[in-house]
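Take a look at the letters that make up each chain.
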Amino acid sequence: MDKYFKNTKLKELRPGLKKEILANIRKELPGQSIFDNFSFVRIYWSLITAAFAVLIFVNIHTNKSHENLMVTQYSACASADTECKMEIIGIARAQGMLSNPIFKAKS
Amino acid sequence: MNKTKDVIGDIEKMYDLYAKPIFYYLLTILKKKEDAEDVLHNLFLKISRLYENIKMEDVKGYLFVSARNEAMSFIQKNKRDVEKEDIDLKMLESTNKELLPSDEVEELEKALLMLPLEQREVVFMKEYQGFTFKEIASILNISENTANSRYRYALVKLKKSLTRGSHG
């Protein structure tokens, strides 16, 4: 019996089967992204995201400063000068600043 | 590090090391080349899904147990009666016959495939894979004595059919 077992070799696998299996596994794996094979794209993507975050932050900050300036201007209007006040409230409305308590109360 | 690449790399290594013996084991159970390929394919897909739970220390044993389970559910799903089916002679032709004359290899493989499933898988694991009876018992979830006696019965049957074959 030994002569038989020791001298037979295992059957060969169909060529191409390994590629098919690995391709299907690749398709199925969670979190697989087209960027996985292009790390430089991932780096650029991170940089762009960071740049946008900075821009948004600066924009919010600028808006806040602008709003404060408008409030100051509003306060600077003489109490009887309705025209001055209405003009500033008009600008504030156009620029979406009516959530500010000072403009909200007056609008 | 890229996790997906790691998983694929590890599975590729597993394939290179174990796909051939597992394929042969599946052939021993299923008797059909196409079915064995399908099951092998499904097996590796499942492994990729369960990758994180696999203990790498006993990956060979794990793969054999999983291959057996996959083959059994394939048989159930396709309502096959492998014991009564004829042997696919084309499958025997694809054996590497470098060392033994081809008729002797075919004779042995036919005889092996004619054994009942529980005996032929023990012979396969013992002779082609070099598993110990302890390992075989653990893979098949049977006792060592049962594995041993299945092996002995199988050898007696194999010897009988090979002697019969060479005399007639």
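Residues numbered from 1 in each chain as written. Chains lettered and ligands numbered in written order. Predicted model: local features only at pLDDT ≥ 70, side-chain atom pairs only at ≥ 80, totals over all residues. Heavy atoms only, no water.

## Quick notes on the overall build of chain A
Okay, step 1: The helix and strand tally for chain A stands at five helices and zero strands.
Okay, step 2: The proportion of buried residues among the 107 residues of chain A is 21%.
Okay, step 3: The contacts of chain A with a sequence gap of at least 6 include a subset with a gap of at least 24, amounting to 32%.
Okay, step 4: Just so you have it, chain A exposes about 7,800 Å², and 64% of that area is on carbon and sulfur atoms. (Helix = DSSP H or I, 4+ residues; strand = E, 2+ residues; numbered from the N terminus. Buried < 20%, exposed > 50% of the residue type's maximum accessible area, 1.4 Å probe, protein only. Contact = heavy atoms within 4.5 Å. Areas by Shrake-Rupley, 256 points an atom, 1.4 Å probe, with all protein chains shown as cover.)

## Details of the packing of aromatic side chains
Residue and element names in this part refer to chain B.
Okay, step 1: Considering all chains together, one arrives at eight aromatic pairs over all chains under this definition.
Okay, step 2: Look at tyrosine 24 and tyrosine 128: their rings are 5.2 Å apart centre to centre, the planes differ by 40°, and that puts the pair in the tilted class. Pair noted here: tyrosine 24 is in helix α1 (residues 3-30) and tyrosine 128 is in helix α6 (residues 117-128), with a separation of 104 residues, a long-range link. Note on accessibility: tyrosine 24 and tyrosine 128 belong to one class, buried.
Okay, step 3: Both rings, one in phenylalanine 133 and one in tyrosine 151, keep their centres 5.5 Å apart while their planes meet at 65°; by these two values the pair is edge-to-face. With phenylalanine 133 in helix α7 (residues 133-140) and tyrosine 151 in helix α8 (residues 144-167), this pair connects stretches of sequence that are 18 residues apart. Tyrosine 151 shares its class with phenylalanine 133; the two are buried.
Okay, step 4: Taken together through their ring pairs, the aromatic side chains of Tyr24, Tyr25, Phe64, Phe124, Tyr128 and Phe131 make up a single cluster.
Okay, step 5: Geometry around phenylalanine 131 places lysine 60 over its ring, the cationic atom sitting 4.6 Å from the centre.
Okay, step 6: Its guanidinium or amino end placed over the ring of phenylalanine 133, lysine 126 lies 4.7 Å from that ring's centre, counting from NZ or CZ. (Phe/Tyr/Trp six-rings, centres within 6.5 Å; stacked < 30°, edge-to-face > 60°. Lys NZ or Arg CZ within 6 Å of the ring centre and 35° of its normal.)

## Regarding the environment of B:Leu140
Okay, step 1: Looking at the element boundaries, B:Leu140 is found in helix α7.
Okay, step 2: Taking the C-alpha atoms as reference, B:Leu140 lies 9.8 Å from B:Asn69; in sequence the two are 71 residues apart.

## Some words on the environment of B:Val39
Residues and elements named next belong to chain B.
Okay, step 1: Positionally, valine 39 belongs in helix α2 (residues 33-49).
Okay, step 2: With relative accessibility at 1%, the residue valine 39 sits in the buried group.
Okay, step 3: As a C-alpha pair, valine 39 and arginine 68 span 29 residues in sequence and 9.5 Å in three-dimensional space.

## Side note on a nonpolar patch on the surface
Okay, step 1: Together, A:Phe40, A:Ile43, A:Tyr44, A:Trp45, A:Leu47, A:Ile48, A:Phe52, A:Leu55, A:Ile56 and A:Ile60 give the surface a local cluster of nonpolar side chains, amounting to about 1,100 Å² of exposed area.
Okay, step 2: Inspection of the secondary structure assignment puts A:Leu55 in helix α3 (residues 39-76). (Patch = residues over 30% accessible without salt bridge, like charges linked within 9 Å, V, L, I, M, F, W, Y side chains within 5 Å. Salt bridge = Lys/Arg side-chain N within 4 Å of Asp/Glu carboxyl O.)

## Details of the pattern of salt bridges
Okay, step 1: Evaluated as defined, the whole model comprises eight salt bridges over all chains.
Okay, step 2: With a shortest N-O distance of 2.7 Å, B:Asp16 and A:Lys18 are connected by a salt bridge. Taken together, the residues span two chains, with B:Asp16 in helix α1 and A:Lys18 in helix α2 (residues 17-28).
Okay, step 3: The partner of B:Glu121 in a salt bridge is B:Arg68, with the nearest N and O atoms 2.7 Å apart. Of this pair, B:Glu121 sits in helix α6 while B:Arg68 sits in helix α3 (residues 59-77); the two residues are 53 residues apart in sequence, bridging distant segments of the chain.

## Overview of the state of the cysteines
Residue and element names in this part refer to chain A.
Okay, step 1: Inspection of every chain in the model, using the stated rule, returns one disulfide over all chains.
Okay, step 2: Here cysteine 77 connects covalently by a disulfide to cysteine 84, the sulfurs 1.8 Å from one another. Taking the torsion about the sulfur-sulfur bond, which here is approximately -55°, the covalent link between cysteine 77 and cysteine 84 counts as left-handed.
Okay, step 3: A relative accessible area of 8% means that cysteine 77 is categorised as buried. (Disulfide = S-S within 2.5 Å.)

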